[in-house]
Every structure is written in C-alpha cells, then in structure tokens.
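# Understanding the architecture of this molecule
Chain residues, written in single-letter form:
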Amino acid sequence: MAEVEKILEKDVSRRSFLKTTGIGLGVAAGALVFGTGIAGAQTQTGTVAEAPLPYVELDPEEARLRGHAGYYMAGCMYGAFYAILSMLREKVGGPYNQIPYRMAGYGRGGAANWGTLCGALNGAAAAINLVAPDADTNKLVSELLGWYTITPFPSDKSNAIASAKGFKYDAKPYPTLVHVTSVSNSPLCHASVANWIKKSGYELGTAERKERCARLTGDTAAHAVELLNAWKAGTFVPTFKVDDQTAACIQCHEGDMEGKMACTTCHEPH
Ligand code: HEC
Ligand code: HEC
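This report concerns the structure included in the present document. The shown structure was predicted, so the numbers you read here are calculated from the model rather than taken from an experiment. (Residues numbered from 1 in each chain as written. Chains lettered and ligands numbered in written order. Predicted model: local features only at pLDDT ≥ 70, side-chain atom pairs only at ≥ 80, totals over all residues. Heavy atoms only, no water.)

### So, the overall build of the protein
Of regular secondary structure, the protein possesses 10 helices and zero strands. If you list the helices and strands of the protein from N to C, you get α-α-α-α-α-α-α-α-α-α. Residues counted as buried form 41% of the 270 residues belonging to the protein. Once local pairs closer than 6 in sequence are excluded, the contacts in the protein between residues at least 24 apart make up 68%. When the accessible surface of the protein is totalled, it reaches about 15100 Å², and 60% of it is carbon and sulfur. (Helix = DSSP H or I, 4+ residues; strand = E, 2+ residues; numbered from the N terminus. Buried < 20%, exposed > 50% of the residue type's maximum accessible area, 1.4 Å probe, protein only. Contact = heavy atoms within 4.5 Å. Areas by Shrake-Rupley, 256 points an atom, 1.4 Å probe, with all protein chains shown as cover.)

This is how it looks when you write it as structure tokens:
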C-alpha cells in the first residue's frame, strides 16, 4: 500500500471512530487547535457559544482611531468590525480571540463593491450582534443606520484628528486636509459615496475619497461604541425618526413593502 493510502486510511478510521463514539467534529477541531499550540477560548465541545458574548464599556475615541486604520487594512466593513473587536480582544479576550477580523472583509464597497449596505454599518452591526441579544441588536442597529443617514460625514472630530495627523495607528500617511461633508440620506454605500463625490468634486478612485470613507468608518465605529455603552449602562433610548415625508409614505404603504429608507431617494412622490 502506498504511503499516501495508508495515511488516508488512518484518517478515515480516525474519523469514523470520532463518529461512532459520538465525539463531534467540534472536538476534533478543538484538539487540532490546541495541538498546534494556538491557545484559545474553545468551550469543551470546541465550538464558540451562540449566546451573546460579554461586553464591557469601550472608548469611542479609540474606536474612531482604530476604525480609520482598519479601513486601510482591508476596507470599511473590516475597519468598523476590527475597531470594536480588537478592543474587546484586549479587554475581554477569550472568545474574541477566536473570531477572525477577516470575516468582515467581504463588505468593502457595500459588499464586494456592489454599493449596497455601507460596509462601516455592516461591520459595526456585526460587532453589535456579537454582544447583544437579537431584539436589542435590532434596536441598536436601526438607530445606527438612522443616525448614519442624517449625519454629515466625515465628522468634525475625524476631520480635526486628520488635520492634526492624529490617526496614530495608520501604517502609512493619509491625506490630512479637512474634507467637505455630505449627508447620504441613505444607508447605501452607493448613495453615501455618490453624494460626497458630488459635493467634494473628488472622484471615486482618489486618495481623498478613500480617506473620506476611512474617516466615516472611524466615525461609525465610534458611534456604535457610544450606543453599546449606553445599552450596557441601561440608558440607551432610540432617537432616530424617519422624516415626515417618509413617515407619510409608510403610513399608507406599510404592509406593501419592507423598509425605512427615505422613499424619495428612489421613488417620485405621488
Ligand atoms: C394617502 C396614501 C398614500 C400616500 C401618503 C402615499 N401613497 Fe403611494 N400609493 C397609494 C395608493 C392607494 C397607490 C395605488 C395602489 C397601489 O398600487 O397600491 C399607491 C401607489 C404607489 C406606488 C406604485 C405601486 C405600484 O403598484 O406600482 C409607489 C411606488 C408608491 N405608491 C410610493 C409612494 C411613496 C414613495 C410615497 C411617499 C412619497 C407614497 N407612495 C405615499 C397610497 C399612498
Ligand atoms: C433604494 C431604492 C428604493 C427605496 C429607498 C425605496 N424603494 Fe420602493 N421600490 C424600489 C424598487 C426598485 C421597486 C420595484 C420597482 C418599482 O416598482 O419601482 C420598489 C417598489 C415599491 C412599491 C411597489 C410595490 C408593488 O407591489 O409593486 C412600493 C409601494 C414602494 N416601493 C414603496 C416604497 C416606500 C413606501 C419606500 C420608503 C419607505 C420605498 N419604497 C423606498 C426601490 C426603492
């Protein structure tokens, strides 16, 4: 028997052993992880718990800096997710050490450059859902999306940090000019970026447009942390309300259509 076949046979019998003894793949994977010396917070069955993970109060200003740096590592969703998760790794550790940042890489450019949900929102929302039960996640994410649609980006804070060269975690220099701001009126990457391009005159491929999105990523991560801190302290109260026109549309069309996005960004009023 060839060497390779022997190895294969061994592997198969090991697997059927695990199967017949009812030891799931989770244990095998856990054993492998420990076997290679990567210490982790695996539970006894080798899988991370489905329950919300522990949250401790975080510093929103630190999230703003990390979100900006994270944007340049692997995009907007990665940046917002990384900002929050990296702090939770430091302050809580355990299960957070087992969650790879790269799972948030796909969200760049509104999901693989499709211009759908802004990646900064997507990444922050993923972090929120890691720590909050579903009902609370809905409230927190809804508030974050609503806030995003009416907020001028980049914020005065991140403009000021950039012009003072204060984004200290960035590996490379970034444009430091104070950017003009724009309001997206939409949670969509496409609308958000397009409105800023229109207002600033900087096109999609420019370093300035990317820097605008880096600051927006920091701003969104920072606000997500503010919301989570309030939620943790039991003081979170949703404040976002759809504008009056959208509220009127929804009043008649509730039940026809899912959504809180400002209707007239896509439909003519009638
Ligand atoms: C006073 C109630 C009322 C308000 C307010 C209202 N609509 Fe309508 N809308 C209707 C009715 C009734 C129809 C036609 C019947 C249907 O197709 O459901 C309709 C049709 C539509 C259609 C076409 C549906 C189709 O089947 O082709 C769209 C799109 C639409 N409305 C969007 C909006 C938007 C956007 C707003 C707010 C700017 C709005 N509506 C405000 C009652 C309303
Ligand atoms: C991002 C773009 C976008 C936004 C924002 C949006 N819609 Fe639509 N909506 C569409 C598209 C696309 C369709 C399907 C094609 C069409 O009917 O125009 C549609 C269809 C509809 C229809 C017709 C459904 C049917 O049965 O034919 C209604 C009613 C409607 N939208 C209402 C609303 C209301 C109310 C809002 C705000 C709460 C809203 N839409 C926001 C893109 C949008």
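### What about the coordination of the iron atom of ligand 2?
What the protein offers the iron atom of ligand 2 as a donor is a single atom, H267 (NE2), at 2.0 Å. With respect to the helices and strands, the residue H267 is situated in the segment after α10 (244-253). (Donors = N, O, S within 2.8 Å, 3.2 Å for Na, K, Ca; no water.)

### Description of the coordination of the iron atom of ligand 1
Every protein donor of the iron atom of ligand 1 is accounted for by H253 (NE2) and H270 (NE2), and the metal-donor separations fall at 1.9 to 2.0 Å. The coordination sphere of the iron atom of ligand 1 comprises six donor atoms, whose angles at the metal cover 84 to 179°; the geometry is octahedral. Here the residue H253 occupies a position in helix α10, and H270 occupies one in the segment after α10, the gap between them amounting to 17 residues. Using a relative accessible area of 36% as the deciding quantity, one classes H253 as partly exposed. Owing to a relative accessible area of 91%, H270 belongs among the exposed residues under this scheme. (Tetrahedral: all angles 85-135°; square planar, octahedral: opposite > 155°, others 65-115°.)

### Notes on the side chain of H179
Its place among the elements puts H179 in the loop between α7 (156-163) and α8 (189-200). Classification of H179 by relative accessible area gives buried; the value is 4%. Polar side-chain contacts of H179 include one of 2.9 Å to the backbone oxygen of E208. Those residues in contact with H179, other than ones at most four positions away along the chain, are P154, N159, W196, E208, E211, R212 and R215. (Polar contact = N/O pair within 3.5 Å; in protein donor to acceptor, adjacent residues only side chain to side chain.)

### Side note on the site of ligand 2
If you check the shell around ligand 2, you find L188, C249, I250, H253, M257, G259, M261, A262, C263, T265, C266 and H267 and nothing else. One of the side-chain nitrogen or oxygen atoms of H267 is found 2.7 Å away from a nitrogen atom of ligand 2. Split into classes, the residues belonging to the shell around ligand 2 amount to eight nonpolar, four polar and no charged. (Near = heavy atom within 4 Å. Nonpolar A, V, L, I, M, F, W, Y, C, P; charged D, E, K, R; others polar.)

### Some words on the packing of aromatic side chains
Counted by the stated rule, this structure contains nine aromatic pairs. On the numbers, 5.2 Å between centres and 85° between planes, the contact of Y71 with Y72 is edge-to-face. The exposure class of Y71 is buried, given its relative accessible area of 12%. The partly exposed category is assigned to Y72, whose relative accessible area is 36%. (Phe/Tyr/Trp six-rings, centres within 6.5 Å; stacked < 30°, edge-to-face > 60°.)

### Quick notes on the site of ligand 1
If you check the shell around ligand 1, you find A248, C249, C252, H253, C263, T264, H267, P269 and H270 and nothing else. Contact between ligand 1 and H270: a nitrogen atom at 2.7 Å from a side-chain N or O atom of the residue. For the shell around ligand 1, the per-class residue count stands at five nonpolar, four polar and no charged.

### What about helix α4 (residues 76-91)?
Given a rise of 1.5 Å per residue, 16 residues ought to cover 22 Å, and the 23 Å separating the end C-alpha atoms of α4 matches this to within 8%. A large share of α4 lies buried, amounting to 13 of its 16 residues. (Expected span 1.5 Å × (residues − 1).)

### A closer look at α10
For an α-helix the count is 3.6 residues per turn, leaving residues at separations of three or four pointing the same way. The residue sitting at the N-terminus of α10 and contributing the capping side-chain oxygen is D243; that oxygen lies 3.1 Å from the backbone nitrogen of Q245. Within two residues after α10, G255 carries a phi angle of roughly 100°, on the positive side.

### Description of the pattern of salt bridges
All told, the structure shown has six salt bridges when counted by the stated rule. With a closest N to O distance of 2.9 Å, E61 and R64 form a salt bridge. Separated by three residues within a single helix, E61 and R64 lie in helix α3 (residues 60-74), roughly one turn from each other. Overall, E61 belongs to the partly exposed group, its relative accessible area being 29%. Note that E90 is salt-bridged to R66, the shortest N-O span being 3.0 Å. Of this pair, E90 sits in helix α4 while R66 sits in helix α3, and the two are 24 residues apart along the sequence. If you follow the salt bridges from partner to partner, you end up with E61, R64, K157 and D219 in one network. (Salt bridge = Lys/Arg side-chain N within 4 Å of Asp/Glu carboxyl O.)

### Some details on the nonpolar core
Membership of the largest hydrophobic core comes to 43 residues, with the highest contact counts inside it found for Y55, I84, I128, V131, L140, L144 and W231. Elements supplying a minimum of two residues to this core: α3, α4, α5 (119-131), α6 (134-150) and α9 (207-233). A per-element tally of this core places α4 first, with 10 residues. Every residue in contact with V131, bar those within four places of it in the chain, is listed here: P52, L53, P54, Y55, L88, Y96, L228 and W231. Listed in part, the six residues of the second largest apolar core include Y71, V193, C213 and A214. (Core = buried A, V, L, I, M, F, W, Y, C linked by side-chain atoms within 4.5 Å.)

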